[in-house]
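Chain by chain, the residues run as shown.
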Amino acid sequence: MSLIKNFFRKKIVNKYNALSLSELRNLKITEKELLSLPLHKDKLINKTLQGLFYNFLIMPHFSKLYIFFYSIGLPIIFPLPFKHAIFLKKQNINCSVFLSFLLFYPYILYISLKKNFSSIFHILNLKQIEFDKRSTNIFFPKVSEKFLIPSNQHDNQDYSFILSSIKCLGITPNNIFHNNKSLEKFKIDNVKYEFGYPINALNMKMKFFLLINFLYKFLISLLYFVINKWQKLYLLDQENYIHAYKLSTIKNDAKINHVIFTFHDQLLRPFWSYLAQNHNFKFHLINHASGYYGFKSKDGFYPTDTMYHHLNLWDNYYVDSKIFYEHIKKIIPTVIFLEDKVSPFHSEQGISIDSKMKNICIFDVVPHHIFSRALMLPEDRYRISSICIKFLDDIINYFKDKDFQIILKSKHSLNSRNYPMDYYNYIKKLNLNKITLLNPRYSPKLLAKKSLFSISAPFTTAGFFETKTNYNFFYDPEIMIDKDDRARQNLKLINGKDELNLHLNNILTTLKK
């Protein structure tokens, strides 16, 4: 089995490497145009369906399956509606229209059943919450990880995502609800924290009505599915939430409720929320990423914007990057700029970082496996282990005889099974007397506050957090990236070891004055 796996892995990587950047760019353009095809007559439902297709089908699977079938010389088989498969054929993508269409229906049936029964299970297991009429309640329906939620055991609570986003939005809550069932109720600064969802739990009578309504609509949707109208079954889970919301508000007074989502949900505003916003619910989407995905290739082209912002349907869409704000408002005119950057997470590591020391932080250098990602962006070919090792080696060698502490923080945990072994072994051999390795979920915003300046791999978001002197810059050890690349935004891009040494000499000379 291992021999077969290695055989296909080698073939896939070789074929992927053989593709030119223009071929990859055209594939990404085709992928985006694929999502422009309508899925429903109703504009709102159509955008919702397109967002679901992007997040759960196109983005995670299309590129990889294309590379797989391309590497073994067969037409791609990918679950798509008939007109979408025909569209691929017209774009000169070697696609099996019949098999793709045939695969689409069992796929949609499986996903729809899974979504529907998951929604019913979720609604039936919601906890009933009693609210004070005058309370301001904030819901974080997707926030379940502990490193996003404040804790009485941790210091620096303002650097958790929850408190950081509330501060940026200027909301003063009485109750905060997250999505982690395992956490007990607790209170910080007189604000109550507990598990909760924007839809309140139903009593037994209402649950019975909900189940009867679901079974009726489920049978009707199955009939529609048989005659090639799959959309009703696919979106029935959202109808379940809408019905549950209506039932939950029959005997409840309207409250002031804010519902805050992170940028991972920017294309997937819950369909039920359009009804809820008419009942003192205000929905927010915070995009705390830097904003530009993929840098300019050697032939002078940027990759197609893979985030599909044109599908966005949020009324209150926020970004915390000034230059990205200028870019995105051309696509989403109602976008709102946040003056302060949101802290994406905060994990207390039990490690003391003395802010009085001369700390230099290094952000986000973990290499990617081309085989495992194949996301069709230029940095997937750039961010390989040899470049990442040279990035660190050049910086560490510069500071080895200087009185500075280097703090190395990567976005992802280093796991030898998931990342190249040469990089993993390099990290293991580092001299940890002058280098501190941080938990990936330690707040980059908090780390930046404790550091003189940061050096970041192109083009990680963490580089934009303000440090003490704010001499932050990106470093490209291979001199492969243009200095005017849009993704650097307001930071410098330093190319090559000689320029790095000269730039660092200038910074340290300035700091001595």
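Just above, that's the structure.
Residues numbered from 1 in each chain as written. Predicted model: local features only at pLDDT ≥ 70, side-chain atom pairs only at ≥ 80, totals over all residues. Heavy atoms only, no water.

### Points about the overall build of the chain
Secondary structure summary: the chain contains 17 helices and 14 strands in total. Taken against the 2.2 N^0.38 rule, which gives 24 Å for 513 residues, the C-alpha radius of gyration of the chain at 25 Å falls within 12% of a compact globule. Projected onto its principal axes, the C-alpha coordinates of the chain cover approximately 75 × 65 × 45 Å. Looking at the chain as a whole, 55% of its 513 residues qualify as buried. Within the chain, contacts between residues at least 6 apart in sequence are counted, and of these 69% link residues at least 24 apart. Carbon and sulfur atoms provide 55% of the accessible area of the chain, an area that totals close to 24,700 Å². In the chain, 69 positive and 41 negative side-chain charges are present, and the distance between their average locations comes to 5 Å. (Helix = DSSP H or I, 4+ residues; strand = E, 2+ residues; numbered from the N terminus. Rg over C-alpha atoms; globule rule 2.2 N^0.38 Å. Buried < 20%, exposed > 50% of the residue type's maximum accessible area, 1.4 Å probe, protein only. Contact = heavy atoms within 4.5 Å. Areas by Shrake-Rupley, 256 points an atom, 1.4 Å probe, with all protein chains shown as cover. Lys, Arg positive; Asp, Glu negative; His and termini not counted. Charge placed at Lys NZ, Arg CZ, Asp CG, Glu CD.)

### Considerations on the sheet that holds strand β11 (residues 435-437)
Spatial strand order, β11-β10-β9-β12-β13-β14: 6 strands in an open sheet with parallel pairing. Looking along the sheet, the strands with just one partner apiece sit at the ends: β11 and β14 (492-495). Each neighbouring strand pair of the sheet contributes to a mean axis angle of 25°, computed without reference to strand direction. Bridge analysis of strand β12 (residues 453-456) against strand β13 (residues 473-476) gives 2 bridges, and the strand direction is parallel. Within β13, the residue paired with serine 456 across the bridge is phenylalanine 474. Packing of helix α14 (residues 385-399) onto the sheet brings it into contact with β9 (359-363), β10 (405-409), β11, β12 and β13, and relative to β12 it is tilted by some 145°. (Pairing = 2+ DSSP bridges. Axes fitted to C-alpha atoms, helices over the stretch in contact; angles between N-to-C directions.)

### As for the sheet that holds strand β5 (residues 256-262)
Reading across from one edge, β3-β4-β2-β1-β5-β6-β7-β8 is the order of the 8 strands in this open sheet, with mixed pairing throughout. If you trace the sheet from one side to the other, it starts and ends with β3 (186-188) and β8 (336-337), each paired once. Pairing of strand β1 (residues 136-139) with β5 involves 4 bridges; the strand directions are parallel. When the bridges of β5 are listed, threonine 136 appears paired with isoleucine 256. With respect to the sheet, helix α6 (residues 161-169) is in contact with β1, β2 (175-178), β4 (191-195), β5, β6 (281-287) and β7 (317-319), its orientation differing from that of β6 by roughly 110°.

### Some points on the nonpolar core
Of all hydrophobic cores here, the largest spans 79 residues; its most connected members are Trp230 and Trp272. Ranked by residues supplied to this core, first place goes to helix α3 (residues 43-71) with 11 residues. Every residue in contact with tryptophan 272, bar those within four places of it in the chain, is listed here: Tyr197, Pro198, Ile199, Gln238, Tyr241, Ile242, Tyr245 and Phe283. In this structure, Phe391, Ile395, Tyr423 and Ile507 belong to the second largest nonpolar core, which totals 30 residues. (Core = buried A, V, L, I, M, F, W, Y, C linked by side-chain atoms within 4.5 Å.)

### Quick word on the pairing of β12
Taking every second residue as pointing to the same face, both faces of β12 are buried, with Phe453 and Ile455 on one and Ser454 and Ser456 on the other. Pairing of β9 with β12, which is carried by 4 bridges, proceeds in the parallel orientation. Bridged to cysteine 361 within β12 is serine 454.

### Side note on the environment of isoleucine 256
Its place among the elements puts isoleucine 256 in strand β5. Along the backbone, isoleucine 256 and lysine 133 are 123 residues apart, and their C-alpha atoms lie at a distance of 8.5 Å. Beyond its immediate chain neighbours, meaning those up to four positions away, isoleucine 256 contacts Ser135, Thr136, Asn137 and Asn280.

### Focus: unusual backbone geometry
For the bond running from proline 458 to phenylalanine 459, omega is -10°, close enough to zero to count as cis. Within the fold, phenylalanine 459 resides in the loop between β12 and β13. One non-glycine residue, asparagine 190, lies in the positive phi region at around 65°. Assignment of secondary structure puts asparagine 190 in the loop between β3 and β4. Using a relative accessible area of 66% as the deciding quantity, one classes asparagine 190 as exposed.

### A look at a nonpolar patch on the surface
Taken together, the side chains of Phe98, Leu99 and Leu102 make up a nonpolar region of the molecular surface, amounting to roughly 320 Å² of accessible area. Turning to its location among the elements, leucine 102 is positioned in helix α5 (residues 97-124). (Patch = residues over 30% accessible without salt bridge, like charges linked within 9 Å, V, L, I, M, F, W, Y side chains within 5 Å. Salt bridge = Lys/Arg side-chain N within 4 Å of Asp/Glu carboxyl O.)

### A closer look at the environment of aspartate 482
Residue placement: aspartate 482 occurs in the loop between β13 and β14. According to the relative accessible area criterion, aspartate 482 is partly exposed, its value standing at 34%. Separated by 166 residues in the primary sequence, aspartate 482 and asparagine 316 have C-alpha atoms spaced 34 Å apart. In contact with aspartate 482, other than residues within four places in its own chain, are Lys296 and Leu493.

### Regarding the packing of aromatic side chains
Per the stated rule, a full pass over the model turns up 36 aromatic pairs. Where phenylalanine 53 meets tyrosine 234, the ring centres are 6.2 Å apart and the plane angle is 85°; that geometry is what we call edge-to-face. Of this pair, phenylalanine 53 sits in helix α3 while tyrosine 234 sits in helix α8 (residues 231-234), and the two are 181 residues apart along the sequence. Of the two residues examined, phenylalanine 53 and tyrosine 234, each falls in the buried class. Measuring from centroid to centroid gives 6.0 Å for tyrosine 66 and tyrosine 70, while their planes differ by 5°, and the two rings are stacked. With tyrosine 66 and tyrosine 70 both in helix α3 and 4 residues apart, the pair spans about one turn of that helix. By relative accessible area, which is 31% here, tyrosine 70 ends up partly exposed. An aromatic cluster of three or more residues is present, and its members are Phe53, Phe82, Phe101, Phe104, Tyr105, Phe225, Trp230 and Tyr234. (Phe/Tyr/Trp six-rings, centres within 6.5 Å; stacked < 30°, edge-to-face > 60°.)

### Here's the deal with helix α15 (residues 421-428)
When α15 is considered as a whole, its buried residues turn out to be Tyr423, Tyr426 and Ile427. Take α15 and look down its axis: the buried residues cluster within an arc of 95°, on one side only. The secondary structure elements touched by the buried residues of α15 are α14, β10 and β11. (Arc of directions from axis to C-beta.)

### Section: the packing of α14 against α15
The geometry of α14 relative to α15 is characterised by a closest axis approach of 9 Å and an angle of 20° between their N-to-C directions. Judged on the interaxial angle alone, α15 and α14 are roughly parallel. In this structure, the crossing between α14 and α15 has a hand that is left-handed. Residue-level inspection shows Ser385, Cys388, Ile389, Leu392, Asp393 and Ile396 of α14 in contact with α15, the latter providing Asp422, Tyr423, Tyr426 and Ile427. Looking at side-chain class alone, the contact of α14 with α15 contains 7 nonpolar, 1 polar and 2 charged residues. (Parallel < 35°, antiparallel > 145°, perpendicular 65-115°, else oblique. Left-handed = near helix turned anticlockwise from the far one by under 90°. Nonpolar A, V, L, I, M, F, W, Y, C, P; charged D, E, K, R; others polar.)

### Looking at α3
At isoleucine 58, α3 is bent by approximately 50°, the largest bend along its length, and proline proline 60 sits one to four residues beyond. Between the side-chain oxygen at the start of α3 and the backbone nitrogen of leucine 44 there is a gap of 2.9 Å, and the oxygen is on aspartate 42. Phi for glycine 73, located one or two positions after α3, is positive at around 75°. (Bend = angle between axes of the 7 residues up to and from the residue. Polar contact = N/O pair within 3.5 Å; in protein donor to acceptor, adjacent residues only side chain to side chain.)

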